[in-house]
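Close look at the chain arrangement
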Amino acid sequence: QVQLVESGGGSVQAGGSLRLSCAASGRTFSYYTIGWFRQAPGKEREFVAAIDWSAGSTAYAASVKGRFTISRDNAKNMVYLQMNSLKSEDTAVYYCAMNPSMIILRREREYNYWGQGTQVTVYS
């Protein structure tokens, strides 16, 4: 079984930055894709960013491209989401998810394992 634990959430003023971390443990795979999703109050969960197992490819939602950066450290089984120039509309619970795949995945249903989420609140 895979465990994913997110950390790094909190409250930040608009224009500020946060760095989220996703720690993977438990069952290991030779390769896996990690995605970040978020869910704002009253809204459906949406794709934010993803990174393939080699960190050679990344993908971002249009709403965060240029502001967020996803990266990973396979030696530590960690994936990070650096969030800069935060806006109030970035307020949400952020989840990391894993799929034992070699390719970028953007759809929620394609991910097998999920963390519990970490709250990000951006205030004006």
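Everything here concerns the structure above.
Every chain begins its residue count from 1, and numbering advances along the sequence as written. Whole-chain, interface and lining totals are the exception, using all residues; otherwise, since this is a predicted model, local features are given only for residues with pLDDT of at least 70 and side-chain atom pairs are given and counted only at 80 or more. Water and hydrogen atoms were dropped before computing side-chain values, which therefore reflect all heavy atoms in the structure.

Take the environment of Ala-55 next. Its place among the elements puts Ala-55 in the loop between strand 5 (46–51) and strand 6 (58–60). Burial status follows relative accessibility: with a 1.4 Å probe on protein chains alone, a residue under 20% of its type maximum counts as buried, one over 50% as exposed, and anything between as partly exposed. When its relative accessible area of 39% is taken as the criterion, Ala-55 is described as partly exposed. C-alpha of Ala-55 to C-alpha of Asp-73: the two residues are 18 residues apart in sequence and 8.7 Å apart in space. Secondary structure elements are taken from DSSP: a helix is a run of H or I of four residues or more, a strand is a run of E of two residues or more, and numbering for both begins at the N terminus.

We now examine the side chain of Thr-33. Secondary-structure assignment places Thr-33 in strand 4 (residues 33–39). A 3.5 Å cut-off defines polar contacts: any pair of N or O atoms within that distance qualifies, except that in protein one atom must be a possible hydrogen donor and the other a possible acceptor, and neighbouring residues in sequence count only when both atoms are side-chain atoms. Within the structure, Thr-33 has its side chain in polar contact with the backbone oxygen of Ile-103 (distance 2.6 Å). By definition, residues are in contact when any of their heavy atoms lie within 4.5 Å. The residues contacting Thr-33, other than those within four sequence positions of it, are Ile-51, Asp-52, Arg-72, Ala-97, Met-98, Asn-99, Ser-101, Met-102, Ile-103, Ile-104, Leu-105 and Tyr-111.

A separate point is the pattern of salt bridges. Salt-bridge detection follows one rule: a side-chain nitrogen of Lys or Arg within 4 Å of a carboxyl oxygen of Asp or Glu. The final tally for this structure, using the stated rule, is 5 salt bridges. Between Glu-46 and Arg-38 there is a salt bridge, with the nearest N and O atoms lying 2.7 Å from each other. Across the salt bridge formed by Glu-108 and Arg-45, the nearest N and O atoms sit 2.8 Å from each other. Taken together, the residues span a long stretch of sequence, with Glu-108 in the loop between strand 9 (92–99) and strand 10 (113–114) and Arg-45 in the loop between strand 4 and strand 5 at a distance of 63 residues. Overall, Glu-108 belongs to the partly exposed group, its relative accessible area being 32%. Through salt bridges with shared partners, one network takes in Arg-38, Glu-46, Arg-67 and Asp-90.

What follows covers the sheet that holds strand 3 (residues 18–26). In space, the 4 strands of this open sheet follow the order 1-3-8-7, with antiparallel pairing throughout. A strand with exactly one partner marks an edge of an open sheet, and here the two such strands are strand 1 (2–7) and strand 7 (68–73). Neighbour-to-neighbour, the strand axes of this sheet turn through a mean angle of 15°, independent of strand direction. We treat two strands as partners when DSSP finds at least two bridges between them. Across 6 bridges, strand 7 lies against strand 8 (residues 78–83) in antiparallel orientation. Counted as the bridge partner of Arg-72 is Val-79 from strand 8. What counts as an axis is a line fitted to C-alpha atoms, over the stretch in contact for a helix, and the angles between N-to-C directions run from 0 to 180 degrees.

Along any regular strand the residues' side chains alternate between the sheet's two faces. Only one face of strand 11 (residues 118–123) is covered, namely the face carrying Thr-118, Val-120 and Val-122; the face carrying Gln-119, Thr-121 and Tyr-123 is uncovered. Sheet topology note: the strand 2 (residues 10–13)/strand 11 ladder contains 4 bridges and is parallel. Paired with Val-12 across the two strands is Val-122, which belongs to strand 11. One ladder, built from 3 bridges, connects strand 9 with strand 11; its direction is antiparallel. Bridge pairing in strand 11 links Ala-92 to Val-120.

Throughout this description, disulfide means a covalent bond between two cysteine sulfur atoms. Cysteine sulfur pairs qualify as disulfides if the two atoms are within 2.5 Å. Inspection of the entire model under this criterion finds 1 disulfide. A sulfur-sulfur separation of 2.1 Å characterises the disulfide bridge that pairs Cys-22 with Cys-96. Between Cys-22 and Cys-96, the disulfide has an S-S torsion of 65° and is therefore right-handed. Of this pair, Cys-22 sits in strand 3 while Cys-96 sits in strand 9, and the two are 74 residues apart along the sequence. Taken individually, Cys-22 and Cys-96 each receive the classification buried, so the pair is uniform in this respect.

Interpretation in functional terms is not warranted from these geometric data alone.
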